[in-house]
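Structure assessment
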Amino acid sequence: MDLLSSLSVATSGLNAIEYQYSVTSQNVANQSTAGYVSETATVTSAVTAGIGNGVRIGATQLHINQALQSALYAQNAQVASYTAMDNSLAALSAVQGTTAANSTNTTPAGTTNTLTDQLGNVQAELTSLISTPLQSVAQTQVITGAQSLTNTIHTLASTYATQRQNAQDSIASTVPAINSDLTQIGALSQQIVKFKSLGSDTADLENQRLGVMTDLSSKLSVTFSQSSNGDMIVRTEDGTKLPTRPDQIGLSDSSQKLPSTTWPLSTSDVTVTSAMSYTGGSTSAIPGIMLTGTDITSHLTGGTLGANITLRDETYPKAQAQLDSFSYTLINRFNNAGLSLFTNGTDATGTTVPQSSNTTQTTPAGIVGLSSAISVSSMYVNTPSLLTTTTTTTDNAGNKTTTAATNTTTGTTTAGDSTIIQQVLSQAFGTSAANVSDQTSSGGPDLAAPTNNLGVNGNISTGYTGAQGLLQLATALTSDQGATIAATSSNLAASTSVQTVLQAKVADVSGVNVNDELAKVVALQNAYTANAKIVSAVQTMFTAFLNAIN
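Residues numbered from 1 in each chain as written. Predicted model: local features only at pLDDT ≥ 70, side-chain atom pairs only at ≥ 80, totals over all residues. Heavy atoms only, no water.

Turning to the sheet that holds strand 13 (residues 389-394), a few remarks are in order. Pairing is antiparallel across the open sheet formed by three strands, whose spatial order is 14-13-15. Strands with a single pairing partner mark the edges of an open sheet, and in this sheet they are strand 14 (400-404) and strand 15 (413-415). Between one strand axis and the next, the sheet turns through 30 degrees on average, direction left out of account. Inspection of the sheet shows strand 13 paired to strand 15 by three bridges, in the antiparallel sense. (Pairing = 2+ DSSP bridges. Helix = DSSP H or I, 4+ residues; strand = E, 2+ residues; numbered from the N terminus. Axes fitted to C-alpha atoms, helices over the stretch in contact; angles between N-to-C directions.)

Structure below.
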């Protein structure tokens, strides 16, 4: 090997070391960057005509286990989904209270702020009123207890509505963020494809794309597949393709400027009411998420987006339907017992509209939204003494009928009569079939709480039987919603634990080990010194050779 060859070999070594330094410094600088995968410099021996000719720099490689990475992406979506649901349901948990252990159909607890306890308080005040039917304080306490119950119902209904609106607002704000991630992936993939075709290094671009992929995996459950030319295909969990560039769906790339927050998905925000639901398509009261004119909302699951879709379209509509059903049953059973203590609120306007039992229409034509409107009858609020004032009528056969008086000045009335109150305690709060499932005394709707065909679309069920006493219904409602809250918290803890394990495994394979990188630096310093000495020695020999010639 001549001096020129020696100089060429040493120079190639110095160039390779500079390249390796660059890769190492990139790793160290990104050790804490989310989604970053450690890079490895590729240096191979260069051989020409069977003779060593230094080293050749190759394409930088990424340390990545695709199966582990895909599992982590799926777990990211699951954790993000449960986190979003847990955060939302925490607001419901805060107003629900905890059902007291001694709250039963005969012994109201009155110690916590649950629906069951508030209803138990009303039962207790009615029981006390029997002993002192003429005492104004006892009468007022019944009204106060009833108002506290309706206030609790209103608070729950308001919480459902607020959290459902928050979910809708989150959907509207997450879609642009997903578009940004998708189109960033598309723009980076476009560069990767271009540089790969030119034989250039694409490791840094691929790493940048991996970071965006990690971010996207928390917003939506997606899968990634890389084509042979380096392009990236993104699909939802059920396989629906999400384009990252217009050319992936047969359009010109010039039709969209990338990255974009308005393409490929689109939706709009609305103010959601209890009378609104998502039904799919362009006519839905709650807008869907569109992809090139097609509603793909049902294909978008997992992550924060999927969680908020579930909260908006399933979780809170069901909770609302349960509370509307309970509110209707409360009114219906008290009316059946002869005391119209609770109304749909229309009596306050001066024109009372009877409450319908229709399960899909809005109140008062149906029970949808009734929990937000239910109130204590203004007649009893204004004149609490009517609670124990009755009117007795006699028919032609001499049969006497006692009913609750609607005023204290018209007809023959009896003050201090607890007959109706006793009927309420035995019938409205009763648990026998005659009190929880039969038709009303007037032949009206069943006394059982509506449990199926609820909501404006008639597609919601309460999940428990309606043939229960009022206190049992209140407990069933709280327990069912409490179970949802508890299951979400439990699932979040379990999925977070799995995510932590996967993150550790991915870090072992793909993460940056700073100690290893610093060890490489020491080795590279030694190699650089050695190669530099060779170059220096060759230069000295060249100088001596030229001097000898001169």
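What follows is about the domain arrangement of the protein. Interface size is commonly expressed as the accessible area that is lost once the parts come together. For the protein, the domain assignment lists domain 1 (1-63 + 512-549) and domain 2 (66-97 + 110-510). With 14 residues of domain 1 at the interface, the matching set in domain 2 holds ten residues. Approximately 920 Å² of surface area, both sides summed, lies buried where domain 1 meets domain 2, with 46% of it carried by carbon and sulfur atoms. Remark: the boundary between domain 1 and domain 2 carries zero salt bridges. The interface formed by domain 1 and domain 2 includes six residue pairs in polar contact (both at pLDDT 80 or more). In terms of residue class, the side of domain 1 that touches domain 2 is built from seven nonpolar, six polar and one charged. (Domains from an automatic or database assignment. Contact = heavy atoms within 4.5 Å. Buried area = accessible area lost by both parts, 1.4 Å probe. Salt bridge = Lys/Arg side-chain N within 4 Å of Asp/Glu carboxyl O. Polar contact = N/O pair within 3.5 Å; in protein donor to acceptor, adjacent residues only side chain to side chain. Nonpolar A, V, L, I, M, F, W, Y, C, P; charged D, E, K, R; others polar.)

Compared with the 45 Å implied by 1.5 Å per residue over 31 residues, the 45 Å span of helix 2 (residues 66-96) between its first and last C-alpha is a close match. At Ala90, helix 2 shows its largest bend, some 30 degrees. One or two positions beyond helix 2, positive phi appears at Gly97, with a value near 75 degrees. (Expected span 1.5 Å × (residues − 1). Bend = angle between axes of the 7 residues up to and from the residue.)

Counting all residues, the mean pLDDT for the protein is 90, and 95% of those residues have values of 70 or more. Below pLDDT 50 for its whole length, residues 100-111 participates in 22 contacts with residues either more than four positions away or in separate chains. (pLDDT = per-residue confidence, 0-100.)

Moving on, we get to the pairing of strand 3 (residues 51-57). Two elements, strand 2 (residues 43-48) and strand 3, share five bridges in a ladder whose sense is antiparallel. Looking across to strand 3, one finds that Val47 is bridged to Gly52. What sits between strand 2 and strand 3 in their antiparallel hairpin is a turn of two residues, with Ala49 showing a positive phi close to 55 degrees.

A word on the sheet that holds strand 9 (residues 290-291). One key point about sheets: their strands pair by backbone hydrogen bonds, in either a parallel or an antiparallel sense. Taken together, three strands build an open sheet; the order of strands is 8-9-10 and the sheet is antiparallel. Strand pairing shows two members of the sheet lacking a second neighbour, strand 8 (265-266) and strand 10 (294-295), which therefore form its edges. Summarising the sheet, strand 9 and strand 10 pair through two bridges and their orientation is antiparallel. Directly across from Met290, in strand 10, lies its bridge partner Asp295.

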